[in-house]
Amino acid sequence: QAKNAGGDRIAVRDSRTQAAATARLNLESDLRVALDRNELRLHYQPVIDVKTGTPIGLEALLRWEHPTHGLLQPASFISLAEDSGLIVPIGSWVLNRALQQTQQWRNTLPGAKDLTIFVNVSVRQLQDLRFVDAVRDALRATGISPAAVTLEITESVLMDQRELPTAIIQGLHACGVGLAIDDFGTGYSSLSQLRWLSAHTLKIDGSFVSELGYKDPSSASIIQLILGMARVLNLRVIAEGVETPAQLNELRRLGVRHAQGYLWCAPLPAHEIPKQLQTHAPEPPLHNAQPRKLP
Ligand code: C2E
Ligand code: MG
Ligand code: MG
Ligand code: MG
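Definitions and cut-offs
Residues numbered from 1 in each chain as written. Chains lettered and ligands numbered in written order. Predicted model: local features only at pLDDT ≥ 70, side-chain atom pairs only at ≥ 80, totals over all residues. Heavy atoms only, no water. Core = buried A, V, L, I, M, F, W, Y, C linked by side-chain atoms within 4.5 Å. Buried < 20%, exposed > 50% of the residue type's maximum accessible area, 1.4 Å probe, protein only. Contact = heavy atoms within 4.5 Å. Donors = N, O, S within 2.8 Å, 3.2 Å for Na, K, Ca; no water. Helix = DSSP H or I, 4+ residues; strand = E, 2+ residues; numbered from the N terminus. Axes fitted to C-alpha atoms, helices over the stretch in contact; angles between N-to-C directions. Parallel < 35°, antiparallel > 145°, perpendicular 65-115°, else oblique. Left-handed = near helix turned anticlockwise from the far one by under 90°. Nonpolar A, V, L, I, M, F, W, Y, C, P; charged D, E, K, R; others polar.

As recorded in an unreviewed UniProt entry, the chain goes by the name Diguanylate cyclase, listed as coming from Pseudarthrobacter sulfonivorans.

Laid out in structure tokens, this is it:
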């Protein structure tokens, strides 16, 4: 009898696991047609010069307007796209869309002629030499200066160099685009790996920023260490996930010059970017500890 009860429990667990697997399969088949059905969107978040409060660039962040689930964030479908290989065509779409949009803004918005764009890429995209062709094609098709384009690679990718063929990194450098190391501080890359990649930018992971000031006093020291290393390697640093004026003050004190976060602006759909770039937002107040309301 006990065996029977256990069997029922297993049956329930199995049917739950099966429901989850079915949901994932359904989402995958939806994702397969999402590109053709024009359901993918890019949102853009400004990268801010903390001294002046002005945007120096934008990061493109993928969203999926799912027909029944609504607007999905990357957390609910990027790993699916990576595991299925769909990230390759989706990534090419992201690249083309982001470069085309940015070039249009550079050409038409007053004061935006030097606007730069940051595009996230997955390790799956970096394993096929055709990615370099895709980058070259996107540059040619849009006419944007390669110097305005930075590809973001997550730090954890660097830990296993077999994942990242040298020919592809060299090909990307030959195209003239820049590389940034995303989520820096969460992986274990070595100085030699950083040098090998020849990125020009480090993005400090938001977890260090959110711990600033209270929870963990060591995060300020870690940021200081990253800044010192970046100085030696001649890398620009961007702090991610800045939400409060107190965090901004602390980052300024440490010498951080570029940042992103809800304090200035959440990722916005393309049509809201022009007015965001036009309003040279005044500096946020320095001694108000309240995070700004999200739009
Ligand atoms: P990421 O590249 O590290 O992007 C930063 C994430 O932090 C974004 O989440 C952004 O919306 C969020 N963020 C911005 N400011 C704040 C803030 O002040 N506080 C907090 N808590 N979060 C903030 P999002 O848009 O959900 O993207 C998550 C991740 O998905 C990205 O992390 C990136 O790794 C991946 N991703 C997004 N778009 C693409 C894409 O086009 N291709 C690939 N391969 N990955 C993408
Ligand atoms: Mg990123
Ligand atoms: Mg990323
Ligand atoms: Mg990041």
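Draft legend 1. Region of interest: the nonpolar core. Among the nonpolar cores identified, the biggest contains 81 residues, and Leu99, Ile117, Leu151 and Leu172 are the most heavily contacted of them. When residues no more than four places from it in sequence are discounted, the contact partners of isoleucine 117 are Tyr44, Leu58, Ala60, Ala98, Leu99, Thr102, Ile144, Ala148, Val149 and Thr150.

Draft legend 2. Molecular detail of the coordination of the magnesium ion (ligand 2). The protein atoms that coordinate the magnesium ion (ligand 2) are Glu59 (OE), Asn120 (OD1), Glu152 (OE) and Asp182 (OD), at distances spanning 2.0 to 2.3 Å. Motif for the magnesium ion (ligand 2), donor spacing along one chain: E-x60-N-x31-E-x29-D. The distance between the magnesium ion (ligand 2) and the magnesium ion (ligand 3) is 3.3 Å, with asparagine 120 acting as a donor to both metals. With a gap of 30 residues between them, glutamate 152 in strand S5 (residues 149–154) and aspartate 182 in strand S6 (residues 178–184) connect regions that are remote in the sequence.

Draft legend 3. Region of interest: the packing of helix H4 (residues 130–142) against helix H6 (residues 166–175). Two elements in contact, H4 and H6, have axes separated by 9 Å at closest approach and are oriented at 10 degrees. With respect to each other, H4 and H6 are oriented roughly parallel. The handedness of the crossing between H4 and H6 comes out as right-handed. Note on element contacts: H6 touches H4 through Ile168, Gly171, Leu172 and Cys175, opposite Phe131, Val132, Val135, Arg136 and Leu139.

Draft legend 4. Structural context of the packing of helix H9 (residues 218–233) against helix H10 (residues 245–254). Where H9 meets H10, the axes come as close as 10 Å, and the angle between the chain directions of the two elements is 40 degrees. Accordingly, the angle class assigned to the pair H9 and H10 is oblique. Remark: the crossing between H9 and H10 carries right-handed chirality. Only Glu250, Leu251 and Leu254 of H10 make contact with H9, whose side of the interface consists of Ala220, Ile223, Gln224 and Leu227. When the residues that make up the contact of H9 with H10 are grouped by side-chain class, the tally is five nonpolar, one polar and one charged.

Draft legend 5. Up close: the coordination of the magnesium ion (ligand 4). Summarising the metal site, the magnesium ion (ligand 4) is bound by the protein donors Asp182 (OD), Asp183 (OD), Glu240 (OE) and Glu240 (OE), whose distances to it range over 2.0 to 2.5 Å. Positions of the donor residues of the magnesium ion (ligand 4) along the chain correspond to the pattern D-D-x56-E. In this model, the magnesium ion (ligand 4) sits 4.2 Å from the magnesium ion (ligand 2), the two metals being bridged by aspartate 182. In this pair, aspartate 182 sits in strand S6 while glutamate 240 sits in the loop between strand S8 (236–239) and H10, placing the two residues 58 residues apart along the sequence.

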